[in-house]
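Chain and residue survey
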Amino acid sequence: MAFPTAEELIALITPVVATHHLDVEGLRVTKAGPKSTVAIKLDSDSRPDLDLLEVVSQEIGELFDAAEARGELSFGAGYLLEVSTPGVDMPLTQPRHWRRNRTRLVSLDVDGKKRIARIGALNDEETAVILIERDKKLLSVTVLELANSPRAVVEIEFAKPAQDELDLTGRTFDEAVDETDR
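In this text the structure is predicted, and so the values were computed from the model without any measurement.

A look at the pattern of salt bridges
For the coordinates displayed, the defined rule picks out 15 salt bridges. R100 is the partner of D23 in a salt bridge, and the nearest nitrogen-oxygen pair spans 2.2 Å. Remark: R100 occurs in helix α3 (residues 95-100) and D23 occurs in strand β1 (residues 23-30); sequence separation between them is 77 residues. Assessed through its relative accessible area of 25%, D23 is described here as partly exposed.

Given below as structure tokens:
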């Protein structure tokens, strides 16, 4: 049996991960020397902690070992399993990424121009998100259609966000759309 592909492993682990209300955000298989590496990125709306990741890692390892014993998988000489959450440098590509990062700053590349905005609410269909941008004292509220979403990543902030920006991120999508520039 050939070394399993990332797609095969995702299909295998998804039911286990789902029982813990987690999403598979990425899986990378690296065949290298005597031990290959299977690196899995998991996330959820409630931000998994290390204890949960340890439990899930144990369950995935047992699942892989059992599938290998049955002859359904072959990792060759063995594998190293790494289970973690995605870093802040992970691009926001799914509506759940935007939802999970509400209130955070995001850097967007729109038509070759960099914009920095704070993430607000998503609409009910999760097809659009509110962005709050500051130009000196003026706040503006815009709607970003996720289907047209440019490359976006979370920005690391060291200072406490301005309260007026946070207040806008706390509003519902419809309430924020009704906001006018101040």
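A closer look at the nonpolar core
With 21 residues, the main nonpolar core has I40, L42, I60 and F64 as its most contacted residues. Mapped by element, the contributors of at least two residues to this core are α1 (6-18), β1, β2 (36-43), α2 (50-69) and β3 (79-84). For this core, the element with the most residues is α2, which contributes five residues. When residues no more than four places from it in sequence are discounted, the contact partners of F64 are L9, L12, I13, V38, L73, F75, Y79 and L81. Among the nonpolar cores identified, the runner-up in size contains 13 residues, and L92, W98, V106 and V129 belong to it.

Thoughts on the sheet that holds β1
Spatially, three strands are ordered β1-β2-β3 in an open sheet, and the strand pairing comes out mixed. On the outer flanks of this sheet lie β1 and β3, each paired with one strand and no other. Within the sheet, the average angular offset between the axes of one strand and its neighbour, ignoring direction, is 15 degrees. Sheet topology note: the β2/β3 ladder contains six bridges and is parallel. Residue K41 lies in a different strand from β3, and its bridge partner there is S84. Against the sheet, α1 contacts β1 and β2, and its axis sits at roughly 145 degrees relative to β1.

Each value, and the rule that gives it
Residues numbered from 1 in each chain as written. Predicted model: local features only at pLDDT ≥ 70, side-chain atom pairs only at ≥ 80, totals over all residues. Heavy atoms only, no water. Salt bridge = Lys/Arg side-chain N within 4 Å of Asp/Glu carboxyl O. Helix = DSSP H or I, 4+ residues; strand = E, 2+ residues; numbered from the N terminus. Buried < 20%, exposed > 50% of the residue type's maximum accessible area, 1.4 Å probe, protein only. Core = buried A, V, L, I, M, F, W, Y, C linked by side-chain atoms within 4.5 Å. Contact = heavy atoms within 4.5 Å. Pairing = 2+ DSSP bridges. Axes fitted to C-alpha atoms, helices over the stretch in contact; angles between N-to-C directions.

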